[in-house]
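Remarks on the overall topology
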Amino acid sequence: MTGNRLERLRQQMKEAGVTVYVVPSSDCHQSEYVCAHYRVREYLSGFTGSAGTLVVTMEEAGLWTDGRYFLQAERQLQGGPIRLFRMGEPGVPKVKEYVREKLTKGGRLGFDGRVMGAFRAAELMREAEEKGADTLMTEDLAGAIWEDRPGIPDSEVFLLEPCYTGEETSGKLARVRAAMEKAGADVHVLASLCDISWLLNVRGGDIPGVPVVLSFLCLTEETCVWYVRRQVLTENILGKLSREGIAVREYEKIYEDMETLAEGRRVLLDRKNVNSRLFHAIPKGAKIVDESNPTELMKAVKNGAELMNLRRAHLKEGLAFTRLMRWLKTRAGREKITERSAAEYLDARRREQSHYLGQSFAPICAYKEHAAIVHYSATEESDAPIKPEGMLLVDAGGHYLEGTTDTTRTFVLGEVSEEQKRMYTAVCRGNLRLAFAKFLYGCTGYQLDLLCREPLWQMEADYKHGTGHGVGYLLNVHEGPNAFRWKQPEEGETPAVLEAGMVTTDEPGIYIEGAYGIRTENELVCRKGAVNDYGQFMEFEILTRTPIDLDGLLPQEMTAEEREWLNAYHADVYRTLAPHMTAEEREWLRGATRRI
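One structure accompanies this document, and this report is about it. (Residues numbered from 1 in each chain as written. Predicted model: local features only at pLDDT ≥ 70, side-chain atom pairs only at ≥ 80, totals over all residues. Heavy atoms only, no water.)

1. With respect to the sheet that holds strand β18 (residues 398–400)
Strand order in the open sheet formed by 3 strands is β15-β18-β19, and the pairing between neighbours is antiparallel. Of all strands in the sheet, those with a lone pairing partner are β15 (356–359) and β19 (403–404), marking the two edges. Across the sheet, helix α15 (residues 339–351) touches β15 and β18, and the angle it forms with β15 is around 165°. (Pairing = 2+ DSSP bridges. Helix = DSSP H or I, 4+ residues; strand = E, 2+ residues; numbered from the N terminus. Contact = heavy atoms within 4.5 Å. Axes fitted to C-alpha atoms, helices over the stretch in contact; angles between N-to-C directions.)

This is the structure we're talking about:
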């Protein structure tokens, strides 16, 4: 099927004179996750991961993806006409390097400018120009062959009340306008869906797992225009928007409105978050102020109301996850449990909680060797039965009105090897070392990442993904700018200083292909610690409230301080969860959080 689709695409390329065609994974807003309508790369390649780029020439095709998806992509591309390029591995060219190699003088580079980010598009266009090739970015050649392409969803938008947001839209608009003035801009163009939803205190359902609405926004000192499909707005929302001075225009009108901007206007935008077609719609006479969206940092720093709500959300998630843990450890082998039924059990426990809105991403419930696939997703064919042996990795999260959660636990269900216990212990140690770190203000996640990896690096082992990512408040579970990483950032990226109120995951792991995978993940909120002659010290509060399975640990391989950290964490878990449990559940929890 993949080969047939590629040949049909090549016919479109031939008719358009395109010799190299690039298909990213994004939508018109550079979203990490996209609705079915925009999954063009998946349609052409068969690879279902969220990150990847497909490049097609008249003779060959290649797919680029990162370490999270190496095993998954290898399996899904196996036997097909598409070659896998493992990003970041020695000798593997970058997409732009491959495009430069394949383009020839007089050739043509093609991509859909609506879904290609302006920053990436500029890189590719420079490569084409240097090779004497031109660029076609006004045609969706891949979409033209997708006959049964899904439509854009019409999910209804809802307002998020101030008790959840902690700030009215008017206050947020005032802060953004102040940032525009500081940057010397009189127009601000927003395409990032999470930024728009945060700014307007609205949520939607246009992307599975990400409660946003497809839209653009243009802000000046006097006006605020929201470009959105009117059919998804209720009269109540339209009325509130009008009272706040926010005008509504049809979604596609953003392009023609940008074309009419007066010469000399100074337009603040982030080229990494604006699509190429929108960027090129802005007249040459306007001045582009290319900086991060002010809302990116604003929404990353959670306010007091958001943090209070997040603690409540993690109490609910902790109850659901802990009940899953108890069920697995007491019922595996005594009743039929599979990867998919375990994920369903967890979500059923969430639905028992108030204000639950849905999963924050497709759950990863991976047994034994399946857990070595970092972003494994069980299918009807792969759905493994869970037995009282080995380990089960569960990475899942939920959306509540009180916020978004992301938790990973590896459950020991029976006999495991000494090697597995050593690796499990090293992962746990890394998680704790980061969670209980103290550091001076000004540090970024790039400076702290080593704390988490060091126990594994001492064993000459590692994991091919970041140690942690920011988490949105009832938005994308992956949010910037804060993160824990060790590899230097890409060109154009500036590491974010860890600010009080930022929420970041702490999730080391180890993955042994064909054998097992281990990951332990908590969410951390950064907060201020002591101040002395050396400056402002910072620390973390652990938001996640789920026991770490003690049955996989080798306490003798932990330091006394690490054991005390784990004991303190488990004491907090018990104090938080026990009042909301039955007597029988409390007794089990007491054992699961016992001192070591």
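2. As for the side chain of Glu-539
Secondary-structure assignment places Glu-539 in strand β28 (residues 535–542). Using a relative accessible area of 16% as the deciding quantity, one classes Glu-539 as buried. Polar side-chain contacts of Glu-539 include one of 2.7 Å to the side chain of Lys-438. Contacts of Glu-539, omitting those with residues within four sequence positions, involve Ala-437, Lys-438, Phe-439, Val-525, Cys-526, Arg-527, Lys-528 and Gly-529. (Buried < 20%, exposed > 50% of the residue type's maximum accessible area, 1.4 Å probe, protein only. Polar contact = N/O pair within 3.5 Å; in protein donor to acceptor, adjacent residues only side chain to side chain.)

3. Looking at the nonpolar core
Core analysis: the biggest nonpolar cluster contains 75 residues, and Leu-328, Val-394, Phe-540 and Leu-566 have the highest contact counts within it. Not counting residues up to four positions away in its chain, the partners in contact with Val-394 are Phe-321, Leu-324, Leu-346, Ile-364, Cys-365, Thr-407, Thr-408, Arg-409 and Phe-411. (Core = buried A, V, L, I, M, F, W, Y, C linked by side-chain atoms within 4.5 Å.)

4. As for the pattern of salt bridges
All chains considered together, the criterion is met by 52 salt bridges. A salt bridge links Arg-311 to Glu-541; the shortest N-O distance between them is 2.8 Å. You can see Arg-311 sitting in helix α14 (residues 304–331) and its partner Glu-541 sitting in strand β28, a full 230 residues away along the chain. For Arg-311, a relative accessible area of 38% translates into the label partly exposed. Residue classification places Glu-541 among the buried positions, given a relative accessible area of 15%. A salt bridge links Glu-557 to Arg-422; its shortest N-O distance comes to 3.5 Å. Of this pair, Glu-557 sits in the loop between β28 and α18 (560–577) while Arg-422 sits in helix α16 (residues 418–435); the two residues are 135 residues apart in sequence, bridging distant segments of the chain. Arg-422 gets classed as partly exposed once you look at its relative accessible area, which sits at 35%. (Salt bridge = Lys/Arg side-chain N within 4 Å of Asp/Glu carboxyl O.)

5. Considerations on the packing of aromatic side chains
Describing an aromatic ring pair means giving the distance of the ring centres and the angle of the ring planes. All told, the structure shown has 13 aromatic pairs when counted by the stated rule. Between Trp-64 and Tyr-98, the ring centres sit 4.9 Å apart and the planes meet at 65°, which makes this aromatic pair edge-to-face. One end of the pair, Trp-64, is in strand β3 (residues 61–65); the other, Tyr-98, is in helix α4 (residues 95–102), with 34 residues separating them in the sequence. Overall, Tyr-98 belongs to the buried group, its relative accessible area being 3%. Judged by centre distance (5.3 Å) and plane angle (40°), the ring pair of Phe-439 and Phe-540 falls under tilted. In this pair, Phe-439 sits in strand β21 (residues 439–440) while Phe-540 sits in strand β28, placing the two residues 101 residues apart along the sequence. Judged by its relative accessible area of 7%, Phe-540 falls in the buried class. Cluster of aromatic residues (ring-pair linked, three or more members): Trp-64, Phe-85 and Tyr-98. Its guanidinium or amino end placed over the ring of Tyr-255, Arg-277 lies 3.9 Å from that ring's centre, counting from NZ or CZ. Above the plane of the ring of Tyr-345 lies Arg-349, whose end atom (NZ or CZ) is 4.4 Å from the centre. (Phe/Tyr/Trp six-rings, centres within 6.5 Å; stacked < 30°, edge-to-face > 60°. Lys NZ or Arg CZ within 6 Å of the ring centre and 35° of its normal.)

6. Looking at the pairing of strand β4 (residues 82–86)
Taken together, the 5 bridges between β3 and β4 define a ladder with parallel strand orientation. Within β4, the position partnered with Trp-64 by the bridge is Phe-85. Read from β3 through helix α3 (residues 70–77) to β4, the crossover connection turns out right-handed. (Right-handed = clockwise from strand over helix to strand, strands pointing away.)

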